[in-house]
Amino acid sequence: MKVAVMGYGTIGSGVVEALEINRDSIALKLGREVDVKYVLDLRDFPGDPVQDKIVHDVSVIVNDPEVEIVVETMGGTKPAYEYVKAMLMAGKSVATSNKALVAAHGTELLHLAREKGVNFLFEASVGGGIPIVRPMNTSMTGDKIEEIIGILNGTTNFILTKMEMEGANFEDALREAQSLGYAERDPSADVEGQDACRKIAILTSIAYRHEVDYTDIYTEGVSGITPEDMAYAKKLGRSIKLLASSRKVGDRYYAMVAPVMIGPEHPLYGVRDVYNAILVKGNISGPMMFYGCGAGKLPTAGAVIADVIAAARNKGHGVMSIWDSQKLPIEPKDEMKIKFFLRLQGRLEDRADQVKAALPAEELVSLDGLDEFGVLTGSMTEAAFEKAASGLEGRISMIRVKETGVN
């Protein structure tokens, strides 16, 4: 079986490497060998064994009937969208790791693949090497999914782990993540939550079978988290994680990406470093957690290759249960109910009564040597919290707090 790889960066080179490492195993499972015929890239790679397969013109792949499946690991939407669409139009299945592409154009590409009798598969676009798209698409089809909560970005989880365990500030933790190859030179998509936002949009589309516009999801990153926030979390017996979540309550759908304090009773509490985990709750099977390497060259390549094998085994038959183009309405965050931790300037003993009068305070805490304190509220809506907190002077920051794994 002939395949082509579009993009010879970290993941694309990982796919080529993994196909060679596991050549015999893949052939045994599939019943035939898989050979990379072309690698599309703007660059040349002199001295690399792949150089004799490098092409610079996408039409070479489009017009070669021998190529049955194409792997897209270019990233971004331009020119990935145009190239993937051309492959599907030519009757070739596509396996991609590109969450930006799936979040922006997944609906169209899924329907085009169905129309052409091929597959558009994207296991590696969410959770790297963690199988989550396929289980939600197959193993959980007997369930109505009620909630999804995940740590979906390894870069931010690494940064928060460094801040929590070693007392590092955000800037130093980010620099270390970049030096280790966990963060890009421009890390904004990771640290501002955009990467996690696209991933939860994809999972929510799968769960509820309607298109989710990721721009409708309220998104907050971790660049504002400080060592003081971590110290308060530790004093409260909690950990701060960047959580991407969506849930269905009655006929309403909620989604958010934001830093959240969680305690030891939460299943995601112990997920540290670059690892990812996704908690999915079905109305029949209850909560299930998927945990593993959320990024990395070979783990992500393994997920791509699993899609290649699935496409090869299901030639002429659609694997994905596709969602429709009707947009899923995401409710405003003002109506979401959660607890809050609010930091305020001043001495606790001077302002305790004032704070208790304004907010349903569960706990008041302070840190030695700081002219400030924090208040943990009871459960309330975002709108109610903002209205109550607006009357309090000296607001420093706010972090949401979740007590249990699922509601």
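For the structure itself, consult the block above.
Let me begin by describing the structure that accompanies this report. Since the structure is predicted, the reported quantities are computational estimates derived from the model, not experimental observations.

1. Re the overall build of the chain
In step 1: A tally of regular secondary structure across the chain gives 14 helices and 19 strands.
In step 2: Radius of gyration (C-alpha) of the chain: 23 Å, near the 22 Å computed for a compact globule of 407 residues.
In step 3: Dimensions along the principal axes, computed over C-alpha positions, put the chain at roughly 75 × 50 × 35 Å.
In step 4: Taking all 407 residues of the chain together, 54% fall into the buried category.
In step 5: Counting every atom, the chain has about 17200 Å² of accessible surface; 49% of that belongs to carbon and sulfur.
In step 6: The distance from the centre of the 45 positive side-chain charges to the centre of the 57 negative ones in the chain is 4 Å.

2. Comments concerning helix H2 (residues 23–30)
In step 1: Among all positions in H2, only Ile26, Ala27 and Leu30 are buried. Burial along H2 is one-sided: seen end-on, the buried residues are contained in an arc of 100°. Exposed positions of H2 whose direction lies more than 90 degrees from the buried face are Asp24, Leu28 and Lys29.

3. Comments concerning the nonpolar core
In step 1: With 112 residues, the main nonpolar core has Ile61, Phe120, Phe122 and Met136 as its most contacted residues.
In step 2: Filtering out sequence-adjacent residues up to four positions away, Met136 remains in contact with Thr141, Ile145, Ile148, Leu203, Ile206, Ala207, Arg209 and Val280.
In step 3: Core analysis: the second largest hydrophobic core is formed by 15 residues, Ile338, Phe340, Leu348 and Val355 among them.

4. Looking at the side chain of Ser125
In step 1: Relative to the elements of secondary structure, Ser125 occurs in the loop between strand E6 (120–121) and helix H6 (133–137).
In step 2: For Ser125, the side chain forms a polar contact with the main-chain oxygen of Phe122, separated by 2.7 Å.

5. Quick look at the pairing of strand E5 (residues 93–96)
In step 1: Of the two faces of E5, the one lined by Ser93 and Ala95 and the one lined by Val94 and Thr96 are each fully buried.
In step 2: Bridge count between strand E4 (residues 67–72) and E5: four bridges; the pairing is parallel. From the neighbouring strand, Val70 faces E5, where its bridge partner is Val94.
In step 3: Each parallel crossover has a hand, and for E4 linked through helix H4 (residues 80–89) to E5 it is right-handed.
In step 4: Pairing of E5 with E6 involves two bridges; the strand directions are parallel. In the strand pairing of E6, Ala95 is matched with Leu121.
In step 5: At this point the chain moves from E5, through helix H5 (residues 99–116), to the parallel E6, and the crossover so formed is right-handed.

6. So, the packing of aromatic side chains
In step 1: Evaluation of the coordinates by the stated rule reveals eight aromatic pairs.
In step 2: An aromatic cluster of three or more residues is present, and its members are Phe120, Phe122 and Trp323.
In step 3: Between Arg247 and the ring centre of Tyr254, over which it is positioned, the NZ or CZ distance is 5.4 Å.
In step 4: The ring of Tyr269 carries the charged tip of Arg272 above its face, separated from the ring centre by 5.6 Å.

Scoring rules and cut-offs
- Residues numbered from 1 in each chain as written.
- Predicted model: local features only at pLDDT ≥ 70, side-chain atom pairs only at ≥ 80, totals over all residues.
- Heavy atoms only, no water.
- Helix = DSSP H or I, 4+ residues; strand = E, 2+ residues; numbered from the N terminus.
- Rg over C-alpha atoms; globule rule 2.2 N^0.38 Å.
- Buried < 20%, exposed > 50% of the residue type's maximum accessible area, 1.4 Å probe, protein only.
- Areas by Shrake-Rupley, 256 points an atom, 1.4 Å probe, with all protein chains shown as cover.
- Lys, Arg positive; Asp, Glu negative; His and termini not counted.
- Charge placed at Lys NZ, Arg CZ, Asp CG, Glu CD.
- Arc of directions from axis to C-beta.
- Core = buried A, V, L, I, M, F, W, Y, C linked by side-chain atoms within 4.5 Å.
- Contact = heavy atoms within 4.5 Å.
- Polar contact = N/O pair within 3.5 Å; in protein donor to acceptor, adjacent residues only side chain to side chain.
- Pairing = 2+ DSSP bridges.
- Right-handed = clockwise from strand over helix to strand, strands pointing away.
- Phe/Tyr/Trp six-rings, centres within 6.5 Å; stacked < 30°, edge-to-face > 60°.
- Lys NZ or Arg CZ within 6 Å of the ring centre and 35° of its normal.

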